[in-house]
Each structure stands twice: as C-alpha cells, then as structure tokens.
Amino acid sequence: MSQTEHHIRHLEHAVALARRAVESGDGGPFGAVVVQDGEVLAEGWNRVIATNDPTAHAEVTAIRSACSALGTFQLPGATIYASCEPCPMCLGAIFWTRPSAVYFTSTRTHAEQAGFDDSEIYDQVGLEHTHRSLPFHRLEVAGATEVFELWRTWPGRTDY
C-alpha cells in the first residue's frame, strides 16, 4: 500500500465516524482518527449534542482518548486524520498535542455550507481582547501573576 493509500484509508475511517455521529444523533458530521506507527490508537466523532459539551468535537474526543490510552498529554510521532479541516478550537488542541502531521479531507468551506461557520472565530482569534465582538474584560487581582513565578520556580513542574 502506498503512503497516499495509507492516508486515504485513515481519512475514510474518519469520514465513517462522521457519518456515525450524524446517524446516531451524537452531533455534527465530524470524525477523527489518531494513528501511531501505522496503527489506529484512538478514534473520535462529534459528541456535542450527546454530551451537551461544546468542546466534544471529533478531534478533541480522539485526542482525549489517545492521550488517556498512552498516559500522556502529547502525541509526538502520531498523525491525526480528520474528516474536515479542524475548527479554531480543535486547531489549538492539535497544536498543544504536538502530533507529527494532520491530514483532513473536507474544508472549512464545506463545513460552512452545511451550517458550521467558524469564520468569525478565525477572525476574532488574532484581535486584541479589547477589539473582539464578544466583550472580554481584564481586571487586576492581587496575586494573579505570582502563580506564574511559582510555576516557573516549582522544582517538580512538568513542562508542556
């Protein structure tokens, strides 16, 4: 099997999981697979409706499952296959996970045409908090920044 065929096989798996999400009523049409060393480590599908959890996107559920299985919070050497281009939240989770690569098949334009429009979020991410459409307010609280110094000097910390 060629590398391209290998990637397509995992993307087809992700699409099948997306179909499962729709047909089960769990959530939107999104699926994801985490693969390491050529083997499926974890899979996930959108479970937003089933769990009343707006963060239960396919990529996030797959990442949670993979990290739990490995007992770690990062996935170096893993590849994430998604049925659709990751949304801004999933993109952030993927970057924190530090996989080796991400493959997707449908685009955010396809998702938008189905009613999943994340363009406002993409636009808002780069803005200063004072310029976002959702009001963000920063207030000074005594000791708030001291926890960063505590973290920086904590002898038992685990960097991530």
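Described in the following lines is the structure provided in the data block. Every value quoted in this text rests on a predicted model; they were computed, and no experiment measured them. (Residues numbered from 1 in each chain as written. Predicted model: local features only at pLDDT ≥ 70, side-chain atom pairs only at ≥ 80, totals over all residues. Heavy atoms only, no water.)

### Re the sheet that holds strand β1 (residues 31-36)
This is how the line gets drawn: A pair of strands counts as paired when DSSP detects no fewer than two bridges linking them. Secondary structure elements follow DSSP: runs of H or I of four or more residues count as helices, runs of E of two or more count as strands, with numbering from the N terminus. Note on definitions: angles span 0 to 180 degrees between N-to-C directions of axes, and those axes are lines fitted to C-alpha atoms, for helices only across the stretch in contact.
Reading across from one edge, β2-β1-β3-β4 is the order of the four strands in this open sheet, with mixed pairing throughout. Pairing within the sheet leaves two strands with one partner each, and these edge strands are β2 (39-45) and β4 (101-106). Sheet twist, expressed as the mean angle between neighbouring strand axes with direction ignored, is 15 degrees. With five bridges connecting them, β1 and strand β3 (residues 78-84) associate as antiparallel partners. Residue pairing across strands places V35 opposite T79, the latter belonging to β3.

### Observations concerning the pattern of salt bridges
Let me state the cut-off plainly: We define a salt bridge as a contact between a side-chain nitrogen of Lys or Arg and a carboxyl oxygen of Asp or Glu at a distance within 4 Å.
Applying the stated criterion across every chain yields a total of eight salt bridges. Linking R19 and E23 is a salt bridge whose minimum nitrogen-to-oxygen distance equals 3.8 Å. Of this pair, R19 and E23 both sit in helix α1 (residues 3-24), four residues apart, which is roughly one turn of that helix. A salt bridge links R47 to D26; the shortest N-O distance between them is 2.8 Å. You can see R47 sitting in the loop between β2 and α2 (48-51) and its partner D26 sitting in the loop between α1 and β1, a full 21 residues away along the chain.

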